[in-house]
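Observations on the three-dimensional arrangement
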Amino acid sequence: MVRRLQATNRWLLLLDFDGTLVPVNDDPDEVSLDPLARRVLRRLARHRGSDVYIMSGRRLADLRRRVKIPGVRLLGLHGWERPGATLPPDQKRLLRQAKHWLARWLPALPGIEVEDKGYALAVHYRGAPLPVARVAGLVMLIARDLFRPGLHLLKGKQIWELLPRAIVGKGLATQGLLQGLPADTLPIFVGDDTSDESAFAILQHGLAVHVGTNAKTKATFCLRDPGEVREFLERLEAVISCKESSAHSNS
Ligand SMILES: [Mg+2]
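Keep in mind that this is a model prediction, so the values were computed, not measured. (Residues numbered from 1 in each chain as written. Predicted model: local features only at pLDDT ≥ 70, side-chain atom pairs only at ≥ 80, totals over all residues.)

1. Here's the deal with the pairing of strand β8 (residues 186-191)
When a strand is regular, its side chains alternate between the sheet's two faces. To be explicit about the condition: Neighbour density around each residue's C-beta defines its exposure: 20 or more other C-beta atoms within 10 Å make it buried, 12 or fewer make it exposed, and counts between make it partly exposed, where C-beta atoms are placed from the backbone. Numbering goes from the N terminus for both helices and strands, where a helix is a DSSP run of H or I of at least four residues and a strand is a run of E of at least two. At least two bridges found by DSSP between two strands are what make those strands a pair. A crossover gets the label right-handed when its path from the first strand over the helix to the second runs clockwise, viewed with the strands pointing away from the viewer.
Burial runs high along β8: 6 of the 6 residues are buried. Along β8, one buried face is formed by Leu186, Ile188 and Val190 and the opposite face, lined by Pro187, Phe189 and Gly191, is buried too. Note that strand β1 (residues 11-15) and β8 share 5 bridges and pair parallel. Across the sheet, the residue bridging to Trp11 is Leu186, located in β8. With 4 bridges connecting them, β8 and strand β9 (residues 207-211) associate as parallel partners. Looking at the pairing, Ile188 lines up with Leu207 of β9. You can see the chain leave β8, run along helix α7 (residues 197-202) and come back into β9, and the turn it takes is right-handed.

2. Considering the packing of helix α4 (residues 89-105) against helix α5 (residues 130-147)
Operational definition: Whenever a helix is involved, its axis is fitted only over the stretch in contact; in every case the axis is a line through C-alpha atoms, and angles between N-to-C directions fall within 0 to 180 degrees. A crossing counts as left-handed when the near helix is turned anticlockwise from the far one by less than a right angle, and as right-handed when that turn is clockwise. Note that contacts rest on C-beta atoms placed from the backbone: two residues are in contact if these are within 7 Å. Each residue gets one label: Ala, Val, Leu, Ile, Met, Phe, Trp, Tyr, Cys and Pro are nonpolar, Asp, Glu, Lys and Arg are charged, and the others, such as Gly, are polar.
In contact at an axis separation of 11 Å, α4 and α5 are set at 145 degrees when each is read in the N-to-C sense. Seen along the crossing, α4 lies across α5 with a hand that is right-handed. In this structure, α4 uses Leu94, Ala98, Trp101, Leu102 and Trp105 to contact α5, whose residues at the interface are Val139, Ala143, Leu146 and Phe147. Classifying every residue of the contact of α4 with α5 gives 9 nonpolar, no polar and no charged.

3. Quick look at helix α6 (residues 170-179)
We apply this condition: Within this analysis, the arc is defined by the directions that extend from the helix axis to the C-beta atoms.
Every buried residue of α6 is accounted for by Lys170, Gly171, Ala173 and Thr174. Looking down the long axis of α6, one finds its buried residues gathered within 165 degrees of arc, a one-sided arrangement. Structural note: α6 exposes Gly176 and Gln179 on the side pointing more than 90 degrees away from its buried face. For α6, the secondary structure elements touched by its buried residues are β1, β2 (50-55), β3 (73-75), β8 and α7.

4. Topic: the nonpolar core
So the rule is basically this: Only buried residues count toward a nonpolar core: Ala, Val, Leu, Ile, Met, Phe, Trp, Tyr and Cys, linked into one set through C-beta atoms within 7 Å.
Formed by 55 residues in total, the largest nonpolar core has its most connected members in Leu13, Leu14, Ile188, Phe189 and Val209. Apart from the residues within four sequence positions on either side, Leu13 is in contact with Leu44, Ser50, Asp51, Val52, Tyr53 and Ile188.

5. Here we look at the domain arrangement of the protein
Here is the rule: A domain assignment, automatic or from a database, supplies the domain bounds used here.
Domain annotation of the protein identifies domain 1 (2-84 + 168-250) and domain 2 (89-164). The C-alpha-based centres of domain 1 and domain 2 are spaced at 28 Å. The interface of domain 1 with domain 2 comprises 9 residues on the first partner and 9 residues on the second. For the side of domain 1 that touches domain 2, the residue count by class is 1 nonpolar, 5 polar and 3 charged.

Structure, rendered in structure tokens:
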């Protein structure tokens, strides 16, 4: 892997947040970046050759509160939400309809929680007993069929999300970012969830890194947990540092 990292002078680093940079927490509000992860991200973002993005299912405002690292760019709602992003009125209307529909048809079940993300509807089933999760899953499949093609369903760890079609997911968002960059850019995507798989799938010429164990994944590399992600980032930063200082001394 180090050889791949060294073979270029431009790196596009795309990082998921929960489960990748920070451990998954039952209460997503309790999550914060540790100082060592912060330090390596700050260093990575300072290099001329590297672009650093955090691409998460969280809203952009939420990421901003938690990250605040100069040079690290943030994309909310699976890569779609940038500053000023807004949905067409018909997609907003459809989301409102879906919200009313879920309020009516998704029964109040133990462990099931509906979150209105403004531009998406999330149904969490953390801690729900299996039969309950199944019932909720069935309701979400019906919602998907009813509101197709305006809305689509994205499954993550212990979460289903109904998303407007403008929010295409991390794979196409990653492709969009790559299009604006020189051909020799090495894209690196690090993520832990099924919602990251679409990005792994498009990275044929990059490094797709899955975080976690025992998962079926399209990624070609694996790291165990956010601690190993930090070590990987430190290693990458050392490679970039070394390449940039040797380029500088040769010029
Ligand atoms: Mg994640």
